[in-house]
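Residue strings, one per chain:
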Amino acid sequence: MSRNPMETRILAIQSAFIAIIFGLIYLRLDMNQEGVQNINGVLFLIITNASFSNMFGVLNSFPAELPIFYRDHQNSMYRT
């Protein structure tokens, strides 16, 4: 990440934008049953967003490394 400072800035801006959107949507919740359910909903959204944002980084790099995987897999088949 330190080799690509532009990507780091974009990710920081994206995270701040999503935090502002979630904050505005869930601003001034009442502390009743409906408010607690809304808090549970926002926690689910935050966890899902964090999980998928990390997963997409891996999914984008995997196709570039697929030929290396196939080459290593074929070499290991012939060794046994």
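Note that this is a predicted model, so its numbers are computed, not measured. (Residues numbered from 1 in each chain as written. Predicted model: local features only at pLDDT ≥ 70, side-chain atom pairs only at ≥ 80, totals over all residues. Heavy atoms only, no water.)

## A short note on the overall build of the protein
Then step 1. Within the protein one finds two helices and zero strands.
Then step 2. For the protein, whose C-alpha radius of gyration is 21 Å, the value lies well above the compact-globule estimate of 12 Å for 80 residues.
Then step 3. Across its three principal directions, the C-alpha atoms of the protein cover 65 × 30 × 15 Å.
Then step 4. Summing over all exposed atoms, the protein offers an accessible surface of approximately 7,300 Å²; the carbon and sulfur share of this is 65%. (Helix = DSSP H or I, 4+ residues; strand = E, 2+ residues; numbered from the N terminus. Rg over C-alpha atoms; globule rule 2.2 N^0.38 Å. Areas by Shrake-Rupley, 256 points an atom, 1.4 Å probe, with all protein chains shown as cover.)

## Re the packing of aromatic side chains
Then step 1. Across all of its chains, the model carries one aromatic pair by this definition.
Then step 2. When the ring of F69 is compared with that of Y70, the centres are 5.9 Å apart and the planes differ by 55 degrees; the resulting orientation is tilted.
Then step 3. Under the relative-accessibility criterion, F69 is labelled partly exposed at 46%.
Then step 4. On the basis of relative accessible area, Y70 is assigned to the partly exposed category, the value being 48%. (Phe/Tyr/Trp six-rings, centres within 6.5 Å; stacked < 30°, edge-to-face > 60°. Buried < 20%, exposed > 50% of the residue type's maximum accessible area, 1.4 Å probe, protein only.)

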